[in-house]
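# Coordinate analysis (summary)
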Amino acid sequence: MSSYIALTYWQLAAASVFVLIDAALSVFFGLRVHRSLLFAAIRMVVQLALVGLVLTTLFSIVSLLWTGLAALVMVLFAGHEAAQRQERRLSGWWSYGLGTSCMMMSSVVVTVFALMTAVRPNPWYDPRYAIPLLGMILGNCMTGVGLGLNTLTTSLAGRRAGVEAQLMLGASKQVATAPVVREALRSALMPVINSMAATGVVSLPGMMTGQILGGVPPAEAVKYQILVMFLIAGGTGLGAVTAVLGGVYRLTDARHRLRLDRLTSPQPT
Amino acid sequence: MTTHAEALLADRPDFKPGRPLLSVRDLRTNLLKPASFTLSAGECVAIRGPSGGGKTLLLRALADLDPNEGLVCLDGRDRATMPGPEWRRLVGYLPAEPGWWADTVGDHFTSWAEAAVVARALGFTEDSEDWPIARLSTGERLRLALVRALLVGSKVLLLDEPTAALDPASVRAVEELIGARVRAGLAVLWVTHDVEQASRVAVRRLIVSARQVREEVRECPAISR
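Because the structure is predicted, anything quoted here is derived from the model rather than measured.

## Structural notes on the overall build of chain A
Of regular secondary structure, chain A possesses 10 helices and 0 strands. Put simply, chain A runs from its N terminus to its C terminus through helices and strands in the order α-α-α-α-α-α-α-α-α-α. Overall, chain A is about 70 × 55 × 40 Å in size when its C-alpha atoms are taken along their principal axes. Here chain A holds 269 residues, and the buried ones make up 33% of them. Considering only intrachain contacts with a sequence separation of at least 6, the fraction spanning at least 24 residues in chain A is 74%.

This is the structure in structure tokens:
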């Protein structure tokens, strides 16, 4: 397994020249992005260095408590990111709470399923397997949940007259919101479907590439990648369905009214 | 006002004055001040008042489309005892700008054949079924939404300026169509800015201004009749 080639810091420094070239181009063409470009590059280095430290410690102690805490922090960050991407948010705690809880539920269910049935490390919560798996599932789940909720809220607001017209004629909220729910779920699942269809032809997934660079035989790396794609599809679907249905629950009420008053005004994004 | 209602009912032999069909007590929302009034079967009441005065708020609260409080009963049945959709099938609402959820006219009706019977009275033909909604004029949309609302067979109909964008011939057609339904027992609240229309279609009037609903008291009731 350990046939990988270790990198030195000088090699990294040499590669960072490309970022400096980008910055120089920005200055030359007056793009005004050199400052944010350099800042992003430095931020990435610091974040990854910290993650490296944290993972080294986590992997050495193999504790259910600490693995769980790391997973929780990841979910909370993902929830924050998904909430940030909403053009119109649910009011109050719902904005953050709904996306976060749905992501937590779906990504944990799918990750634990994979650890119990497919990967089966010993112990099952070994962070070397649990954390990277959760990270990949969570990252995609975040995109799906964010897109699903954003489509739901903007589309309900945009088609308010049509939805209420059906309610006025005596339709139930389930019937009146069905087209919008379908649209939201479709947009949530589209990235997963596209990435599954394009994988291997257009793009070589990062995880598989990483394993191959790490010395794993390609056929084995491919098996892992297929497993991960299935987990991502499952986690995204589960997270998006619960988030969108939760959103509809919040934006309607027991009297079958449309409650757009529980939505904040549009955010410039 | 009772003399009025009696005079009105006298020319309508199919109706006997009785207890009100719709009774509203302290209906209020966070914007609308408490409103109380009643409406009888076969009665059409005109609602007038300045723009932004709360007429639409009142109709939306009656149709239970916005959160509201107060006691609203139909035929003695408390609104709170029935689900929202059931209430809205009994108390129909035609907004000033009706909404659409599909591409063509026909898609908005469970049976266009059934709808066409009513639609013909408002100037539509059999082949209107395939018309795209996007190409309809404001007046056509209003008339089609009225057809849609009438087909539900509700007992009370709340109309928010149903003839605002119509030509005189269409206005007459709409007034005749609703008038026939009222004579058959439908109770109607009709929001209109047109004073002459208000006196054509209704005897009683409610004034909604500054988000307050009150009965209009006229000095010489029905002097022209």
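## Focus on the nonpolar core
One finds A:Met103, A:Val145, A:Val244, B:Leu158, B:Val188 and B:Trp190 to be the most contacted residues of the largest nonpolar core, which totals 110 residues. For this core, the leading source of residues is helix H6 (residues 127-158) of chain A, giving 14 residues. Once residues lying within four places of it in the same chain are set aside, the contact partners of B:Trp190 are B:Cys44, B:Ala46, B:Ile47, B:Leu159, B:Val201 and B:Ala202.

## Considering the interface of chain A and chain B
Residue-level contacts link 15 residues of chain A with 17 residues of chain B. It is helix H7 (residues 160-168) of chain A that contributes the most residues to the side of chain A that touches chain B, 7 residues altogether. When its residues are assigned to classes, the side of chain A that touches chain B shows 7 nonpolar, 5 polar and 3 charged.

## Looking at the packing of helix H2 (residues 17-28) of chain A against helix H3 (residues 34-61) of chain A
All names here are of chain A. Two numbers describe how H2 lies on H3: the axes approach to 9 Å, and their chain directions differ by 165 degrees. The angle between H2 and H3 falls in the class roughly antiparallel. Relative to H3, the crossing made by H2 is right-handed. Touching Val19, Asp22, Ala23, Ser26 and Val27 of H2 are His34, Leu37, Leu38 and Ala41, all from H3. Residue composition of the contact of H2 with H3, by class: 6 nonpolar, 2 polar and 1 charged.

## Section: the domain arrangement of chain A
Accessible area lost during the coming together of the parts is what is often quoted as the interface size. Residue and element names in this part refer to chain A. Once the domains are mapped, chain A shows domain 1 (1-61) and domain 2 (64-262). Averaged C-alpha coordinates put domain 1 and domain 2 at centres separated by 28 Å. Split into classes, the residues belonging to the side of domain 1 that touches domain 2 amount to 6 nonpolar, 2 polar and no charged.

## Some points on the sheet that holds strand E1 (residues 22-28) of chain B
Residues and elements named next belong to chain B. Strand order in the open sheet made by the 4 strands is E2-E1-E4-E5, with antiparallel pairing throughout. Looking at strand neighbours, the two that pair on one side only are strand E2 (35-39) and strand E5 (77-78), the edges of this open sheet. Summarising the sheet, E1 and E2 pair through 4 bridges and their orientation is antiparallel. Paired with Leu27 across the strands is Ala35, a residue of E2.

## Examining the sheet that holds strand E9 (residues 205-209) of chain B
Residues and elements named next belong to chain B. A sheet is described by the order of its strands in space; here 6 strands give the open sequence E6-E7-E8-E3-E9-E10, paired in mixed fashion. Two strands in the sheet have a free side with no partner beyond their single neighbour: strand E6 (91-94) and strand E10 (212-215). Taken pair by pair, the neighbouring strands of this sheet meet at an average axis angle of 20 degrees, ignoring direction. Sheet topology places strand E7 (residues 156-160) next to strand E8 (residues 187-191); 5 bridges connect them, and they run parallel. Within the sheet, the bridge partner assigned to Leu157 lies in E8 and is Val188.

## A short note on the pairing of E10(B)
All names here are of chain B. With 4 bridges joining them, E9 and E10 adopt antiparallel strand pairing. Note that in E10 the partner of Ser209 across the bridge is Gln212. If you look at the hairpin formed by E9 and E10, you'll find 2 residues sitting between the two strands, and Ala210 has a positive phi there, around 50 degrees.

## Side note on the environment of B:Trp190
Following the sequence through the fold, B:Trp190 ends up in strand E8. As a C-alpha pair, B:Trp190 and B:Gly153 span 37 residues in sequence and 17 Å in three-dimensional space.

## Examining the packing of H3(A) against H6(A)
Residue and element names in this part refer to chain A. The geometry of H3 relative to H6 is characterised by a closest axis approach of 9 Å and an angle of 135 degrees between their N-to-C directions. Classified by the angle between their axes, H3 and H6 sit oblique to one another. Residue-level inspection shows Leu55, Leu58 and Phe59 of H3 in contact with H6, the latter providing Pro127, Arg128 and Ile131. Considering only residue class, the contact of H3 with H6 consists of 5 nonpolar, no polar and 1 charged.

## Points about unusual backbone geometry
Cis geometry marks the peptide bond from A:Asn122 to A:Pro123; its omega dihedral reads -5 degrees. Within the fold, A:Pro123 resides in the loop between helix H5 (94-119) and H6. Although it is not a glycine, B:Asp75 adopts a positive phi angle of roughly 55 degrees. Phi is positive for B:Arg211, close to 60 degrees, though the residue is something other than glycine.

## Let's talk about the environment of A:Ser155
Residue and element names in this part refer to chain A. Among the secondary structure elements, Ser155 is positioned in helix H6. The spacing of Ser155 and Ala184 is 29 residues in sequence and 8.2 Å in space, taken between C-alpha atoms. The residues touching Ser155, leaving out its near neighbours within four places in the chain, are Val180, Glu183 and Ala184.

The rules we used
Residues numbered from 1 in each chain as written. Chains lettered and ligands numbered in written order. Predicted model: local features only at pLDDT ≥ 70, side-chain atom pairs only at ≥ 80, totals over all residues. Helix = DSSP H or I, 4+ residues; strand = E, 2+ residues; numbered from the N terminus. Buried ≥ 20, exposed ≤ 12 C-beta atoms within 10 Å, placed from the backbone. Contact = placed C-beta atoms within 7 Å. Core = buried A, V, L, I, M, F, W, Y, C linked by C-beta atoms within 7 Å. Nonpolar A, V, L, I, M, F, W, Y, C, P; charged D, E, K, R; others polar. Axes fitted to C-alpha atoms, helices over the stretch in contact; angles between N-to-C directions. Parallel < 35°, antiparallel > 145°, perpendicular 65-115°, else oblique. Left-handed = near helix turned anticlockwise from the far one by under 90°. Domains from an automatic or database assignment. Pairing = 2+ DSSP bridges.

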